[in-house]
Amino acid sequence: MDNRSIAKHCTTFLGKDFTVTAFRNDDETKRIDIMRCQETERDFTCSTIGLWEVDLGWNTEDDKALRVELLIAGDDREKGKDAFENILATAAFSVMDHPDVCDFGIVIRDVVKDYVHDTELEHVILLAPMVWEKYTPLEEEGSVVTWFQAIPITENERMYLQEHSFEKFEQL
């Protein structure tokens, strides 16, 4: 498995009109590629390419290594050029630093407000991809790569999750 096979697989459910940009963290010790696929004139999806290399210690039921990439959907009417790409890259760097923050229903804190200033959204929650009808995990060379969708949430939503449960949040 390599980044090229990840990007090629993304085109099967995101579309073939894409660009890839490399992002580095502030001290330039980490790098993640972000693939931006333009779905319509305004709507797009971004995917990490390379996060799969982080070993989360997960295996499938048939003992294949289970790895993760992240997705985020956006539209060009939103403010902040490259905001979604930066949000996704920052979330990926959080996963690289703390692999335990990468799981279904987990909130990655403070990754939105640095890039979009006129919003109440501050964090992202990681959920199963729900927008892409053709989405399937990638299985190759004894490994499986799945994607989590990063969905921006407010501080009030994060606090509700913390005080209650993901199941109750999901029912809202």
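Here the structure is a predicted model, which means the values were calculated and not measured. (Residues numbered from 1 in each chain as written. Predicted model: local features only at pLDDT ≥ 70, side-chain atom pairs only at ≥ 80, totals over all residues. Heavy atoms only, no water.)

Q: Help me understand the nonpolar core, please; the structure alone is not making it clear to me.
A: Side chains of nonpolar character tend, in soluble globular proteins, to be buried together. If you look at the biggest cluster of nonpolar residues, it comprises 29 residues, and the most contacted ones within it are Ile32, Leu70 and Val124. Contributing elements (two or more residues each) for this core: strand E2 (31-38), strand E3 (43-49), strand E5 (65-75), helix H2 (83-97), strand E7 (121-127) and strand E9 (143-154). Setting aside chain neighbours within four positions, we find Ile32 in contact with Thr21, Ala22, Phe23, Thr48, Ile49, Gly50, Leu51, Ala89, Ala92, Phe93 and Met96. Ile6, Phe13, Leu71 and Val145 belong to the second largest nonpolar core, which has 16 residues in total. (Core = buried A, V, L, I, M, F, W, Y, C linked by side-chain atoms within 4.5 Å. Buried < 20%, exposed > 50% of the residue type's maximum accessible area, 1.4 Å probe, protein only. Helix = DSSP H or I, 4+ residues; strand = E, 2+ residues; numbered from the N terminus. Contact = heavy atoms within 4.5 Å.)

Q: Sorry, what's going on with the pairing of E3 here?
A: Along any regular strand, the residues point their side chains to alternate faces of the sheet. The buried fraction of E3 amounts to 6 of the 7 residues, a majority that puts the element mostly inside the structure. In terms of strand pairing, E2 meets E3 through 6 bridges, oriented antiparallel. Bridged to Arg36 within E3 is Cys46. Linking E2 back to E3 in an antiparallel pair, the connection comprises 4 residues. Here E3 runs beside E5; their pairing, made up of 5 bridges, is antiparallel. By the bridge assignment for E5, Phe44 is matched with Gly74. (Pairing = 2+ DSSP bridges.)

Q: Before we go on, may I ask you to explain the packing of aromatic side chains in this structure?
A: Note on aromatic pairs: each is described by the distance of the centres and the angle between the planes. In the structure shown here, the tally under the stated rule is 7 aromatic pairs. For the ring pair Tyr135 and Trp147, a centre distance of 6.1 Å and an interplane angle of 80° mean the geometry is edge-to-face. Of this pair, Tyr135 sits in the loop between E7 and strand E8 (138-140) while Trp147 sits in strand E9, and the two are 12 residues apart along the sequence. Relative accessible area serves as the criterion here: at 1%, Trp147 is assigned to the buried category. Between Phe166 and Phe169 the ring centres are 6.4 Å apart and the planes differ by 40°, which places this aromatic pair in the tilted class. Highlighted residues: Phe166 and Phe169, both in helix H4 (residues 166-171), separated by 3 residues, approximately one helical turn. (Phe/Tyr/Trp six-rings, centres within 6.5 Å; stacked < 30°, edge-to-face > 60°.)

Q: Just checking my understanding: could you explain the pattern of salt bridges for this structure?
A: Pairs may arise between side chains of opposite charge once their charged atoms sit close together. For the structure shown, the criterion picks out 7 salt bridges. In this structure, Asp62 and Lys64 form a salt bridge, with 3.7 Å as the shortest nitrogen-oxygen distance. Given a relative accessible area of 52%, Asp62 falls into the exposed group. With its nearest N and O atoms 3.3 Å apart, the salt bridge here joins Asp110 to Lys113. Residue classification places Asp110 among the partly exposed residues on the basis of a relative accessible area of 33%. In this structure, a network of salt bridges that share partners links the residues Asp62, Lys64 and Glu139. (Salt bridge = Lys/Arg side-chain N within 4 Å of Asp/Glu carboxyl O.)

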